[in-house]
Amino acid sequence: MNKPPDSIIQARGLRKVYNTGKVQVEALRGVDLDVPRGEFISIVGPSGSGKSTLFHIVGGLTPPTAGEVIVAGRNVSTVGERGRTELRSSSVSFVFQKFNLLPNLTARDNIRTALYISGKEPDQFDPELLSLLDLLGIAGRLDHKPSEMSGGEQQRVAIARALATRPAILLADEPTGNLDSRNSLAVLNILKDLNERLGQTILMITHNTEAAAFGHRTLHMRDGRIAETSH
Amino acid sequence: MIFTLVWENVRFKPVRTLLSVLLIAVPVTLILTLIGLSRGFLDDSARRSQGVGADIVFRAPGTSVMTFSGAALPEKLTEVLTQTAHVTQATGVVNQPIGGFDSVTGIDPAGFTRMSGGFIFREGRIFEKPDEVVVDQFYADQRHLHAGSVTRILNRDWHVSGIVEPGKLAHLFVDVRNLQDLVGATGKLSQIYLKLDDPSNTPQVIQALQAKFDGYAIYSMKELVSLISVNNIPLLAGFINAVVGIGVIIGFAVVSLSMYMAVLQRTREIGILKSLGATNGFVMGIIVSEAAALGFGGTIAGILLSFVTRWAMLHIAPASLPQAVVPSWWPIAGLIAMGGALLGSVYPGLMAVRQDPIEALAYE
Ligand SMILES: Nc1ncnc2c1ncn2[C@@H]1O[C@H](COP(=O)(O)OP(=O)(O)OP(=O)(O)O)[C@@H](O)[C@H]1O
Ligand SMILES: [Mg+2]
């Protein structure tokens, strides 16, 4: 495998087949991808084209059926469940369309849970995390539960929780899908800011071409493949 | 951190939590009540036995510590025993069960008073007529009796001639001859109490008696009291084991069901934890800790409820069913509840661990 220098994600011939009863669904049909550290990539494509599936494999939520993918130095195709769990706790974080905060817990406890799971000190937020909370504008909302926050606030807490553990890669699956345009813009600006200031590698799925324009380049997926790349 | 997660889970669904805790409390209360009742009953028997003031008790062959009813000793034996060296007094009694946990005891008032120091009357006087009965304060409270009341025992109406302070031999007393005739045991006794010139002669007298009356059950009072325990009542021991078993099963079933529901309800949250990189051990740890918390809560609630049953027993049946507080059984009952709870959490825990994170995250 030819590795471009400092690629944080390298995928070759990635395939994923789901067996649902008698029907086999080919969600990915051979994806090749190289993501250099510090890039902000947008991914667009019709529904069912395999965007989320690609994230689930890169993020270690499910193994590929065939092909090879190395994420942050880990061969996700071969590490097994334990290795993928470690990948999730140490190197990759998700942000979802539906925020996916733990509903019983305050914003602070959501963040503490992520820190605890990744083996970091959960009770003392370090200065970098505190400045991230400032940047996200949620420093004053930490003792609220998700039900007491707006969608925009919840998504910013989700971003804080995702980045609190300093992952090498942030995977954002339609992060603005449930937000109004004002909150969407705020979240997109924050992602761009994080990418520019901290060099955070970000992959973002979106249905919105304006949102896609926040990335350095845009991958277009179709029928389980990356059909084209635009800058 | 696990504490926070468990605590917030438990707090988030207070009704489910309360219900689980109360259901787990049921077997704990059941066990503690049962143990308390047996202990109370036995302590009460022991105290009453000591209240007789005897040094030795003499029973017919083939009787055991807790089963001595049936009058099988000839009355003449009392005279014979009085003549034994060191024996200064002998008085015989007849025990007759009257249903439930109660029995009536026939005594010879003169002999019994001499040995025990006599009754202390709170109301009335000793029985004088054949249909008169003396009861102790516990029994009087339980049946709402006073001197002059009429009560039915052994299918006959009796007049309560007096109420005495509890703690001497029995709860109900009638004249021994009267009872002998009534139960068709004229001239027979259930047991004979002996008092010695000096209690330190007890072993020596027992030896002498055993040599002379082969096969008879002869105990020192000390020995008898020490033998009054749960282990000497096979039926009770078996019953306690059964309740302990039920306790484990209830704890298991309640927690199993409760955690099963919780895992289903929290499918998505488990998916979130997994997406954050939570290990199987972490997810399992939360489920098991929550089960342990429910088990602990159930134990505390069960202990508190056992005081409620005790209060109820004291008001309903202070004579037949005295319930002791037995703190030494609190940890045992707790372990039983916790054991059931932890066992019950294993399957739901495994279910949570095996969930596919992608499906769990998609769960509505
Ligand atoms: N867990 C699964 N089991 C079975 N089939 C699945 C599963 N996940 C995805 N698929 C199928 O794989 C294909 C790709 O799904 P995927 O979620 O990756 O699409 P997507 O590009 O993210 O679509 P959308 O824009 O609607 O989110 C679809 O046909 C989907 O039905
Ligand atoms: Mg998708």
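As a reminder, the structure under discussion sits directly above these lines.
In this text, all values refer to a predicted model and were calculated from it rather than measured experimentally.

**What about the overall build of chain A?**
Along the backbone of chain A there are 7 helices and 10 strands. A compact globule built from 231 residues would reach a C-alpha radius of gyration of about 17 Å, and chain A, at 17 Å, matches this within 12%. By principal-axis analysis of the C-alpha atoms, chain A measures approximately 45 × 40 × 35 Å. Counting every position in chain A, which comprises 231 residues, the buried fraction comes to 55%. Restricting the contact set of chain A to residue pairs at least 6 apart, pairs at least 24 apart contribute 68%. Carbon and sulfur atoms make up 45% of the accessible area of chain A, which totals about 10,000 Å². For chain A, the distance from the average position of its 27 positive side-chain charges to the average position of its 25 negative side-chain charges is 5 Å.

**Topic: the pairing of strand β6 (residues 132-136) of chain B**
Residues and elements named next belong to chain B. By the criterion of burial, β6 is predominantly enclosed, with 5 of the 5 residues buried. Of the two faces of β6, the one holding Glu-132, Val-134 and Asp-136 and the one holding Val-133 and Val-135 are both buried throughout. Two strands pair when backbone bridges link them, and β6 and strand β8 (residues 156-164) are joined in this way by 5 bridges, in the parallel orientation. Bridge pairing in β8 links Val-134 to Gly-162.

**Here's the deal with the interface of chain B and chain A**
Each side of the interface is counted separately: chain B has 25 residues, and chain A has 26 residues. Of the roughly 2,200 Å² buried between chain B and chain A on both sides combined, carbon and sulfur atoms contribute 64%. Ranking the residues of chain B by area buried against chain A places Met-1, Leu-276 and Ile-358 of chain B at the top, with a combined share of 29%. Here chain B and chain A share 1 salt bridge between them. Linking Lys-145 of chain A and Glu-8 of chain B is a salt bridge whose minimum nitrogen-to-oxygen distance equals 3.3 Å. Listing elements by their share of the side of chain B that touches chain A, those giving two or more residues are α1 (2-12), α10 (267-275), α11 (280-316) and α13 (357-362) of chain B. Take the side of chain B that touches chain A: its biggest share by element is 7 residues, from α1 of chain B.

**Structural notes on the sheet that holds strand β4 (residues 66-71) of chain A**
Residue and element names in this part refer to chain A. Ordered by their spatial adjacency, 4 strands build an open sheet running β2-β1-β4-β5, and the pairing between neighbours is antiparallel. Of all the strands in the sheet, the pair left with one neighbour each is β2 (23-36) and β5 (74-75). In this sheet, β5 lies alongside β4 in antiparallel orientation, the contact comprising 2 bridges. The residue bridging Val-71 from the neighbouring strand is Arg-74, located in β5.

**Topic: the site of ligand 1**
Residues and elements named next belong to chain A. Near ligand 1 you find 14 residues, and of these Ser-47, Gly-48, Lys-51, Ser-52 and Thr-53 are the closest. Taking Ser-52, its side chain carries an N or O atom lying 2.8 Å from an oxygen atom of ligand 1. Contact with the protein chains covers 68% of the free accessible surface of ligand 1, which is 630 Å². Put simply, the parts of the chain that give the shell around ligand 1 at least two residues each are β1 (7-20), β2 and α1 (51-58). The greatest single-element share of the shell around ligand 1, amounting to 3 residues, is contributed by α1. Its residues assigned to classes, the shell around ligand 1 comprises 4 nonpolar, 8 polar and 2 charged.

**Some words on the nonpolar core**
In this structure, Ile-43, Leu-54 and Leu-203 of chain A are the most contacted members of the largest nonpolar core, which totals 82 residues. Considering every element that reaches this core, the biggest residue donor is helix α2 (residues 14-51) of chain B, with 10 residues. With residues near it in sequence (within four places) discarded, Ile-43 of chain A still touches Lys-51, Leu-54, Phe-55, Leu-203, Met-204, Ile-205, Thr-206, Leu-219 and Met-221 of chain A. With 34 residues, the next largest nonpolar core counts Leu-101, Leu-170, Leu-191 and Phe-214 of chain A among its residues.

So, how was this worked out
- All residue numbers refer to positions counted from 1 along the written sequence of the respective chain.
- Each chain gets a letter, beginning with A, and each ligand a number, beginning with 1, in the order they are written.
- Predicted model: local features are reported for residues with pLDDT of at least 70 only, side-chain atom pairs are reported and counted for 80 or more only, and whole-chain, interface and lining totals are derived from all residues.
- Side-chain descriptors were evaluated using all non-hydrogen atoms of the structure, hydrogens and water having been removed beforehand.
- Secondary structure elements are defined from DSSP: runs of H or I of at least 4 residues count as helices, runs of E of at least 2 residues count as strands, and each element is numbered from the N terminus.
- Within these notes, the globule rule equals 2.2 Å times the number of residues to the 0.38 power, and the radius of gyration is based on C-alpha atoms.
- For the exposure calls, accessible area comes from a 1.4 Å probe over protein chains only, and a residue counts as buried if that area is under 20% of its type's maximum, exposed if over 50%, partly exposed in between.
- The contact criterion used throughout is that any non-hydrogen atoms of two residues lie within 4.5 Å.
- For the accessible areas, the method is Shrake-Rupley and the probe is 1.4 Å, while residue cover comes only from the protein chains on display.
- Positive: Lys, Arg. Negative: Asp, Glu. His and the chain ends are not part of the count.
- Lysine's charge is taken at NZ, arginine's at CZ, aspartate's at CG and glutamate's at CD.
- Two strands pair if DSSP finds at least two bridges between them.
- Take the accessible area each of two parts loses on contact, using a 1.4 Å probe, and add the two losses: that sum is the buried area.
- Salt bridges, as used here, are contacts in which a Lys or Arg side-chain nitrogen is within 4 Å of a carboxyl oxygen on Asp or Glu.
- Near residues are defined by distance, with any heavy atom within 4 Å of the molecule or strand qualifying the residue.
- In protein, a polar contact requires one atom able to donate a hydrogen and another able to accept it; more generally it is a pair of N or O atoms within 3.5 Å, and residues adjacent in sequence count only if both atoms are side-chain atoms.
- Each residue gets one label: Ala, Val, Leu, Ile, Met, Phe, Trp, Tyr, Cys and Pro are nonpolar, Asp, Glu, Lys and Arg are charged, and the others, such as Gly, are polar.
- For our purposes a nonpolar core is just a set of buried Ala, Val, Leu, Ile, Met, Phe, Trp, Tyr and Cys residues, chained together by side-chain atoms within 4.5 Å.

By themselves, these figures tell us nothing about what the structure is for.
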